[in-house]
Amino acid sequence: MKIKEYYDVTVIGAGPAGLCAAIQAAKAGVSTCLVEKNGIAGGTITAGGIPCPGIFHAWGRQVISGIGWELVRRTREESGEPLPDFSTTNLNEHWRHQISIDPVLFAALCDEEFEKAGVIVKYHTMVGRATLADDGIELELCGKDGLYPVFSRRVIDCTGDANVARMLHAEVRVSDPCQPGTLCVYATGYDPEKLDLEAIRSAFDAAAARGEVSCEDTGWSNGFNPHFLFGRGNNSNHISGINAGDSAGRTRIEMAGRASLLRLYRFLKKQPGLEKLAFKLNAAECGVRETRTIVGKATVTAEEYAAGKRYDDAVCHAFYPIDLHDAQVGLDKRPLAPGVVPTVPRGALISVNTRHLLAAGRILSSDRLANSALRVQATCMATGQAAGALAALSVRLRTPAEEVPAAELRKMLEANGAIVP
Ligand SMILES: Cc1cc2nc3c(=O)[nH]c(=O)nc-3n(C[C@H](O)[C@H](O)[C@H](O)COP(=O)(O)OP(=O)(O)OC[C@H]3O[C@@H](n4cnc5c(N)ncnc54)[C@H](O)[C@@H]3O)c2cc1C
């Protein structure tokens with residue numbers, strides 16, 4: 001098929017990482033295409049029902065800013081909500097540093113930014129094939145009307161699942177086991193304060209013993225988790241034992257997620273006070289915590305992360321406790337020591353063995369424990385912006401991403417509001 005579309009940079013996936021990568025590359029003045037399988041930007045923020053980006057502040061100062069932060073800040077401004085006062089928030093309750101945003105406004109503001117920056121957006125489009133060429137990567141995209149080829153000098157994989165890396169036979173790590181996924185709903189039609197939780201708990205235990213529900217339907221495997229009811233179904237259930245990195249795994253996790261909600265709905269509906277329970281859709285798909293990471297020219301280890309290693313080629317900060325959801329053991333949470341602010345090296349965004357391929361977001365090169373912290377939305381935004389700048393500069397300077405002068409990279413990121421360590 002004759003190629004008719006050429007881009008300097010193509011970003012695959014418009015989650016927190018990909019949307020920032022595309023805006024940054026386009027703002028750098030190179031032709032940029034953004035490919036997204038859904039009809040909305042935001043990834044887990046919107047389609048996964050988790051509109052809570054964090055963490056941008058550490059120990060009383062801002063450590064991540066730039067394109068993602070501006071979108072979050074403007075979303076709050078648009079909805080008339082002031083930002084929380086981060087200087088007084090207790091970091092032991094790290095989730096209080098996540099910023100709750102309206103996902104509809106956020107996605108609309110992303111679209112506005114794409115247009116302003118000149119990003120060519122392709123929603124409802126996936127990559128069918130990727131082939132390495134001397135001077136770039138040939139992609140076969142699949143749109144609603146069929147397949148068509150596109151050539152791109154650099155590709156940034158922001159799929160959350162390293163799908164393009166896989167197609168290019170780049171080295172990847174496959175997680176086994178994976179942290180569980182979560183299918184969010186909005187549970188309504190009851191007053192949590194009026195429920196007899198102990199009665200529900202013992203009925204739940206009996207139903208679990210009969211195999212009618214699974215403990216993971218409300219969260220952890222150790223029994224009934226009232227957070228499902230108090231948190232109104234948000235970020236609660238666990239769908240474990242599935243690697244959702246490919247379409248087969250994705251299909252299994254979506255179906256297992258809905259089966260879990262159906263079991264739970266049938267059980268809860270019979271409990272006093274829950275007769276009018278209703279589940280409203282607030283996530284189009286199951287949120288996935290972990291599938292694969294690329295093997296990069298550098299790999300962040302848990303030890304380096306916990307020590308706050310300042311890499312010579314650091315492109316951004318990261319800030320979150322190690323937060324591994326282990327289906328059997330429970331939450332492995334390891335807060336950072338006072339004053340520690342980890343960083344991300346440039347090499348973690350560059351494939352070790354595949355030219356012209358970069359990656360950002362939760363698939364950046366890291367070991368499992370480090371990844372459980374690096375995967376959060378603010379860090380994904382910062383690594384996305386860094387990868388977008390790197391890809392644009394490597395095209396402009398006709399040099400591999402690892403050889404882009406650090407001073408040029410810093411200049412571009414800082415000019416676009418980012419904090420570079
Ligand atoms: C249940 C849950 C709760 C969480 N809670 C929080 C929280 O409170 N705060 C926080 O900061 N983080 C939280 N996280 C982590 C965070 O949301 C994710 O790790 C982060 O969104 C990953 O960003 P990403 O851009 O790498 O990938 P994603 O958000 O997964 O985005 C990937 C995008 O790529 C698209 N895509 C995938 N494959 C293809 C393909 N082949 N072709 C085209 N497009 C494709 C997807 O549709 C999606 O839009 C949570 C995660 C989960 C699952």
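**A short note on the nonpolar core**
Right, on to step 1. The biggest cluster of nonpolar side chains holds 109 residues, and the ones touching the most others in it are Ile156, Leu358, Ala359, Ala360 and Leu390.
Right, on to step 2. The element best represented in this core is helix α10 (residues 377-396), accounting for 12 residues.
Right, on to step 3. Looking at which domains feed residues into this core, each of domain 1 (5-177 + 290-415) and domain 2 (185-281) gives three or more.
Right, on to step 4. In this structure, Ala359 is in contact with Ile156, Asp157, Ala162, Ala165, Ile294, Leu349, Ser351, Leu364 and Ala387, ignoring residues within four places of it in sequence.
Right, on to step 5. Within the second largest apolar cluster, 7 residues are counted, among which are Ile200, Ala207, Phe224 and Leu268.

**Some remarks on the site of the ligand**
Right, on to step 1. In the vicinity of the ligand there are 38 residues, among which Gly13, Gly15, Gly43, Gly160 and Gly361 approach most closely.
Right, on to step 2. Of all the secondary-structure elements, those providing two or more residues to the shell around the ligand are α1 (16-27), β6 (126-133) and α10.
Right, on to step 3. A class-by-class count of the residues in the shell around the ligand yields 15 nonpolar, 17 polar and 6 charged.

**A look at the environment of Pro16**
Right, on to step 1. With respect to the helices and strands, Pro16 occurs in helix α1.
Right, on to step 2. Taking the C-beta count within 10 Å as the criterion, Pro16 has 35 such neighbours and is therefore assigned buried.
Right, on to step 3. Here the alpha-carbon distance between Pro16 and Gly361, two residues 345 residues apart in the chain, equals 7.3 Å.
Right, on to step 4. Residue contacts for Pro16: discarding those within four places in its chain leaves Gly43, Ile45, Pro53, Gly68, Gly361, Gln377, Cys380, Met381 and Gly384.

**Here we look at the environment of Arg334**
Right, on to step 1. Residue placement: Arg334 occurs in strand β15 (residues 330-334).
Right, on to step 2. Take Arg334: there are 15 C-beta atoms within 10 Å of it, and that puts it in the partly exposed class.
Right, on to step 3. In this structure the C-alpha to C-alpha distance between Arg334 and Ile322, which are 12 residues apart in sequence, comes to 5.0 Å.

**Here's the deal with α1**
Right, on to step 1. An ideal rise of 1.5 Å per residue puts 16 Å on 12 residues; α1 measures up with 17 Å between its terminal C-alpha atoms.
Right, on to step 2. Taken across its 12 residues, α1 has 12 buried, putting it largely inside the fold.
Right, on to step 3. Of all the positions in α1, only Pro16, Ala17, Gly18, Leu19, Cys20, Ala21, Ala22, Ile23, Gln24, Ala25, Ala26 and Lys27 are classed as buried.

**Topic: the domain arrangement of the chain**
Right, on to step 1. Per the domain assignment, the segments of the chain are domain 1 (5-177 + 290-415) and domain 2 (185-281).
Right, on to step 2. Between domain 1 and domain 2, the C-alpha centre-to-centre distance is 31 Å.
Right, on to step 3. Residue-level contacts link 10 residues of domain 1 with 8 residues of domain 2.
Right, on to step 4. Class assignment of the residues belonging to the side of domain 1 that touches domain 2 gives a composition of 3 nonpolar, 4 polar and 3 charged.

**Here's the deal with helix α2 (residues 67-78)**
Right, on to step 1. In this model, α2 (12 residues) spans 16 Å end to end at C-alpha, consistent with the 16 Å of a helix rising 1.5 Å per residue.
Right, on to step 2. Packing partners of the buried residues in α2 comprise α1, α3 (103-117) and α10.
Right, on to step 3. Backbone geometry just downstream of α2 places Gly80 in the positive-phi region, at approximately 75°.

**Some words on the environment of Lys297**
Right, on to step 1. Its location among the elements puts Lys297 in the loop between β12 (292-294) and α8 (302-307).
Right, on to step 2. Judged by the 19 C-beta atoms lying within 10 Å of it, Lys297 is partly exposed.
Right, on to step 3. Residues Lys297 and Ser87, 210 residues apart in the sequence, show an inter-C-alpha distance of 36 Å.
Right, on to step 4. Setting aside anything within four residues of it in sequence, one finds Lys297 in contact with Gly347, Ile350, Val352 and Glu402.

**Some details on the pairing of strand β8 (residues 146-157)**
A regular strand carries its side chains on alternate faces of the sheet.
Right, on to step 1. As judged from the 7 bridges shared by strand β1 (residues 5-12) and β8, these two strands associate in the parallel manner. Bridging across to β8, Val9 finds its partner in Arg154.
Right, on to step 2. Strand direction decides the pairing type here: strand β7 (residues 136-143) and β8, joined by 7 bridges, are antiparallel. Bridge assignment links Ile137 to a residue of β8, and that residue is Ser152.
Right, on to step 3. Relative to strand β17 (residues 357-359), β8 runs parallel, the two being bridged by 3 bridges.

Rules behind the numbers
- Residues numbered from 1 in each chain as written.
- Predicted model: local features only at pLDDT ≥ 70, side-chain atom pairs only at ≥ 80, totals over all residues.
- Core = buried A, V, L, I, M, F, W, Y, C linked by C-beta atoms within 7 Å.
- Buried ≥ 20, exposed ≤ 12 C-beta atoms within 10 Å, placed from the backbone.
- Helix = DSSP H or I, 4+ residues; strand = E, 2+ residues; numbered from the N terminus.
- Domains from an automatic or database assignment.
- Contact = placed C-beta atoms within 7 Å.
- Near = placed C-beta within 6 Å.
- Nonpolar A, V, L, I, M, F, W, Y, C, P; charged D, E, K, R; others polar.
- Expected span 1.5 Å × (residues − 1).
- Pairing = 2+ DSSP bridges.

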